[in-house]
Amino acid sequence: MFLSLTLTSYMPSFQANSASGHTDKVNVGRSEQENGQTSKQEAIPVNWDKPSGGSYPVLTQNEPVWIDVSIKNQRVYIKKGSQTLYTMIASTGKDTEPDMTTPTGTYYIQAERGKWFYSPKYKEGAKYWVSWKNHGEFLFHSVPMDENKRILTADAQRLGEKDSHGCIHLTVPDAKWIYEHIPYNTKVVIHS
């Protein structure tokens, strides 16, 4: 989503959405044999006001981490070498048209980041954004919110599914963690 002209320098303090406890079901492919039949996919709850992968890793200064984004799995993996330190549930581009696709390839975290933005074009904004392509166009950020910083439930409920305009949606705490812990020039690899 192109944001460079609509970003604001207003940086409010972090507050979790007052409607905490909202969860959604994310389908996770799991096949089990029960009485000779394959069970349906099981859903796991995703609370967009909580970390999606449990306790966050504690990183040392200048720890050589990188970000691996799987469009197929709708996951963001924080990695050190080949070791996965943390897994986040995400939503990438809808892929319904070119302007709604998450680009694949190798990128690097850019200097642009902030605590809040709002895009009148899309009538949505988000907290804790970090740019990884085109200096404000493609971002990691929280689930979408309206201009009053209220979570757009319909979008937030789609965490774990393709739902963005090309950015990478995360739970509010996951987006905040990337904003606070992933430095400029960190490698980002996005693949199918």
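## Some points on the packing of aromatic side chains
- Throughout the structure, instances matching the rule amount to 7 aromatic pairs.
- An angle of 55 degrees between the planes, with centres 5.5 Å apart, marks the rings of Tyr-128 and Tyr-179 as tilted. A residue pair is termed long-range when its members are at least 10 positions apart, and Tyr-128 in strand E10 (residues 124-133) and Tyr-179 in helix H2 (residues 172-181) qualify at 51 residues.
- Judged by its relative accessible area of 16%, Tyr-179 is buried.
- Their ring planes at 40 degrees and their centres at 5.5 Å tell us that Trp-132 and Phe-138 sit as a pair that is tilted.
- A relative accessible area of 9% means that Phe-138 is categorised as buried.
- Taken together through their ring pairs, the aromatic side chains of Tyr-107, Trp-132, Phe-138 and Phe-140 make up a single cluster.
- A cation over a ring is seen here: Lys-149 above Trp-116, with NZ or CZ 5.2 Å from the ring centre.
- Directly above the aromatic system of Trp-66 lies the positively charged group of Lys-187, at a separation of 5.2 Å from the ring centroid.

## What about the side chain of Asp-146?
- Mapped onto the secondary structure, Asp-146 falls in the loop between strand E11 (138-142) and helix H1 (153-156).
- With relative accessibility at 16%, the residue Asp-146 sits in the buried group.

## Looking at the nonpolar core
- Core analysis: the largest hydrophobic core is formed by 36 residues, its most contacted members being Ile-67, Val-76, Trp-132, Phe-140, Ile-168, Leu-170 and Val-188.
- The biggest single contributor to this core is H2, with 5 residues.
- In this structure, Val-76 is in contact with Ile-67, Asp-68, Val-69, Tyr-86, Thr-87, Met-88, Ala-90, Phe-140, Ile-168 and Leu-170, ignoring residues within four places of it in sequence.
- With 5 residues, the next largest nonpolar core counts Ala-126, Trp-129, Leu-139 and Cys-167 among its residues.

## Here's the deal with the pairing of strand E13 (residues 187-191)
- Examined bridge by bridge, strand E5 (residues 65-70) and E13 share 4 bridges and lie parallel to one another. Note that in E13 the partner of Ile-67 across the bridge is Val-188.

## A closer look at the environment of Asn-185
- Inspection of the secondary structure assignment puts Asn-185 in the loop between H2 and E13.
- Leaving out residues up to four positions away in the same chain, Asn-185 has contacts with Tyr-108 and Ile-109.

## So, the sheet that holds strand E8 (residues 105-108)
- Across the sheet, which stays open at both edges, the 5 strands sit in the order E7-E6-E5-E13-E8 with mixed pairing between neighbours. Every other strand in the sheet has two partners, leaving strand E7 (83-89) and E8 as the edge strands with one partner each. Put simply, the sheet's adjacent strands are angled 20 degrees from each other on average, direction ignored.
- The pairing of E8 with E13 spans 4 bridges and is antiparallel.

Definitions and limits used
- Residues numbered from 1 in each chain as written.
- Predicted model: local features only at pLDDT ≥ 70, side-chain atom pairs only at ≥ 80, totals over all residues.
- Heavy atoms only, no water.
- Phe/Tyr/Trp six-rings, centres within 6.5 Å; stacked < 30°, edge-to-face > 60°.
- Helix = DSSP H or I, 4+ residues; strand = E, 2+ residues; numbered from the N terminus.
- Buried < 20%, exposed > 50% of the residue type's maximum accessible area, 1.4 Å probe, protein only.
- Lys NZ or Arg CZ within 6 Å of the ring centre and 35° of its normal.
- Core = buried A, V, L, I, M, F, W, Y, C linked by side-chain atoms within 4.5 Å.
- Contact = heavy atoms within 4.5 Å.
- Pairing = 2+ DSSP bridges.
- Axes fitted to C-alpha atoms, helices over the stretch in contact; angles between N-to-C directions.

Functional significance is not addressed by these values, which are geometric in nature.
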